[in-house]
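# Summary of the model geometry
Okay, here's what each chain looks like letter by letter:
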Amino acid sequence: MSKSLFEKVWSAHTVGRLADGQTQLLVGTHLIHEVTSPQAFGMLRDLGLKVAMPRRTFATVDHIVPTDRFSEPFADPLADAMIKELRRNCAESGITFFDRATGKQGIVHIVGPEQGITQPGTTIACGDSHTSTHGAFGAIAFGIGTTQIRDVLATQTMALGRLKVRRINVTGRLRPGVYAKDVILHIIRTLGVNGGTGFAYEYGGEVFDRFTMEERMTVCNMSIEGGARAGYVNPDETTFAYLKGRPYAPKGAAWDEAVARWRAVASDAGCVYDDVVAIDASAIAPTVTWGINPGQGVAITENIPDPALARTADEKASIEEALAYMKLVPGAPIKGTRIDVAFLGSCTNGRLSDFQEVAKFIKGRRVAPGVKAIAVPGSQGVGMLCAELGIDRVFRDAGFEWREAGCSMCLAMNSDKLVGEQICASSSNRNFKGRQGSPTGRTILMSPLMVAAAAVTGAVADAREVFGI
Amino acid sequence: MALAKIISITGRGVYVPGNDIDTDRIIPARYLKCITFDGLGEGLFYDVRKNPDGTDKPHPLNDPRFKGASILLSGANFGCGSSREHAPQAIQKYGFRAVVAESFAEIFFGNCTTLGIPCFCASREDIALIAAAIGRDPGIAITVDVAAQEIRFGGQTAKAVIRDAARDALVNGRWDPIGELLEGLPGAREQAAKLPYMAT
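Criteria and cut-off values
- Residues numbered from 1 in each chain as written.
- Chains lettered and ligands numbered in written order.
- Predicted model: local features only at pLDDT ≥ 70, side-chain atom pairs only at ≥ 80, totals over all residues.
- Pairing = 2+ DSSP bridges.
- Helix = DSSP H or I, 4+ residues; strand = E, 2+ residues; numbered from the N terminus.
- Axes fitted to C-alpha atoms, helices over the stretch in contact; angles between N-to-C directions.
- Contact = placed C-beta atoms within 7 Å.
- Domains from an automatic or database assignment.
- Buried ≥ 20, exposed ≤ 12 C-beta atoms within 10 Å, placed from the backbone.

## Here we look at the sheet that holds strand 1 (residues 14–17) of chain A
Strand pairing within a sheet occurs via backbone hydrogen bonds; the two strands may be parallel or antiparallel. If you walk across this open sheet you meet the 3 strands as 1-2-8 (chain A), and the pairing is antiparallel. The two strands at the open ends of the sheet, each matched to only one other strand, are strand 1 and strand 8 (157–160) of chain A. When the angles between neighbouring strand axes are averaged without regard to direction, this sheet yields 25 degrees. Here 4 bridges tie strand 2 (residues 23–26) of chain A to strand 8 of chain A, and the two strands are oriented antiparallel to one another. If you follow Leu26(A) over to strand 8 of chain A, its bridge partner there is Thr157(A). Contacting strand 1, strand 2 and strand 8 of chain A, helix 8 (residues 185–193) of chain B crosses the sheet at an angle of about 150 degrees to strand 1 of chain A.

## Section: the domain arrangement of chain A
Residue and element names in this part refer to chain A. For chain A, the domain assignment lists domain 1 (5–265) and domain 2 (286–466). Of note, the centres of domain 1 and domain 2, computed from C-alpha atoms alone, are 24 Å apart. If you look at the interface, domain 1 gives 39 residues, while domain 2 gives 37 residues. Secondary structure elements with two or more residues in the side of domain 1 that touches domain 2: helix 4 (108–114), helix 6 (180–191) and helix 8 (213–221).

## Observations concerning the sheet that holds strand 8 (residues 156–159) of chain B
Residues and elements named next belong to chain B. An order of 1-6-7-8 is seen for the 4 strands of this open sheet, with the pairing classed as antiparallel. Here the strands that pair on one side only, and so sit at the sheet edges, are strand 1 (8–11) and strand 8. On average, each strand axis in the sheet is tilted by 15 degrees relative to the strand beside it, whichever way the strands run. Sitting on the sheet, helix 5 (residues 124–136) is in contact with strand 6 (142–145), strand 7 (150–153) and strand 8, with an inclination near 145 degrees to strand 8.

## Some remarks on unusual backbone geometry
Residue and element names in this part refer to chain A. A cis geometry characterises the amide bond from Glu72 onward to Pro73, with omega recorded as -5 degrees. Despite not being glycine, Gln156 shows a phi value in the positive range, around 60 degrees. As for its position among the elements, Gln156 is in the loop between helix 5 (146–155) and strand 8. With a phi close to 50 degrees, Ser408 is a non-glycine residue in the positive phi region. Within the secondary structure, Ser408 sits in the loop between strand 17 (401–402) and strand 18 (423–426). With 33 C-beta atoms counted inside 10 Å, the residue Ser408 sits in the buried group.

Pasting the structure below:
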């Protein structure tokens, strides 16, 4: 009988059924970082437990690291205590820590794939909702809470109810100037921020067949923004080519065996999904958000919604709440909205190809006066590749601050924060109230090239016009 | 360690209106700079509850009539966004013992259940009725009954749905699964040995 990748991976990792009906699921790969793990190690100590399979947990530090200058002790004593606690926990338990000195530190969802730890047919958990990123490789990957981190550390398993699977086919071709970020913003706008509750999203269709791994990661990353705890793409030649030769990828005969297994784990033709959605790629435009959740987006050519035209009382209330916070004018074009900050980075769009693509267009351009523009590579590895290719220089010459690896302004747990009511054109994943560090700060989500277009013009702009695409 | 059987909870309620209330709003990221969950209650809804100078903004949690409430009511997709367990921890440490909303985001729901906080889904109409009853009499006793899947308030009864696995775990005192998971550890090791990526 035909099965989806989700069903195959789920059944290969099922240890048993718990009394409440949930599955005891084996977590093949566990990723941890400094923010959500220290309390879990504390719980383990309280219970007198040890890490069951320390070789299957990998750590890095990302949320709290300063990106302007990495120098210890950190100026923020709380941040400094967190990195030290992670070091201690990893050392005591024998967990591999991609610390700064290894040259492999970075955002956990960039480091896992970069090191070849993220592999098809595996289960991956991490105390971070953007763990869905790893689904790009055909893994079932999801975010967990801290008590569940304790469970995974102590047993390499966790209690989880089975998800349904929604296949999302994106067919046809994307128009020039339209990127993976636009695809996922469009999907969330279409299906809603809670449309995916209870589902894993399986992304497919011609657009995904052609996508690079980094593009697939951008889409899978934001599955949670659509309410889906996991999102994945079936593994194919693109996946295998990306993984070959990476530090943790299988080598020699083991590589060939692994590829054979990975091919077999992809969803079978004719398997049955709980739901199927079709999206026409040619209908997707460069998309930007105007509100306070990632589903509140419009095409760059559209206007900011007018609550007076809302179809339901609910929609009206949510538009009003969002516009009151964003201080935007209903019915006005989103294009032309002045910005104060441009942020390029994050686990959504902080990979080599994101910086490469932008560098092609900003050469010879300058960041508009009054705009603070920062470019933050997602990992030390991405930073080094950008340096080798001279990409950092292109950004600096254009007036961007070129930073060191970390989560930076995506969530403001470090020194990179909005101030007051600043508006930020951001390649990150969340535009919630206060998300970027100021309780009144405003975030407009968009693709990296759209961030660049906003940076050089000082306002939300259509990158296709700004860069002649 | 025997866990409490969470069969029903009775207390006063407070209604925090709004849909898509995300975990950044429930607990702003700067409160995540900690290595224990102690003291998180103070940060609950901080940026929508307090001005930058620490004075109060108009917010139901600042209304003295609702002080001491242990049942939190809200709108749809409550707890969306970040997986931070700091959000349910802050809710619990503030003094809430149950949450009633139109719907919940997945990760938040699981985090709450594991902490023994029942999350009930109720209809918008019923939440509005309960909110109105609280508005008229903030002291009204509200009972959220996990076993019977209903909410009782002021002589009225509303249907409240809680996912089967969570209900079973709460009423039978097995909402923290660590004991059962540890029993399954030998099985997990056997299963791991069969998977080449875990065996090597």
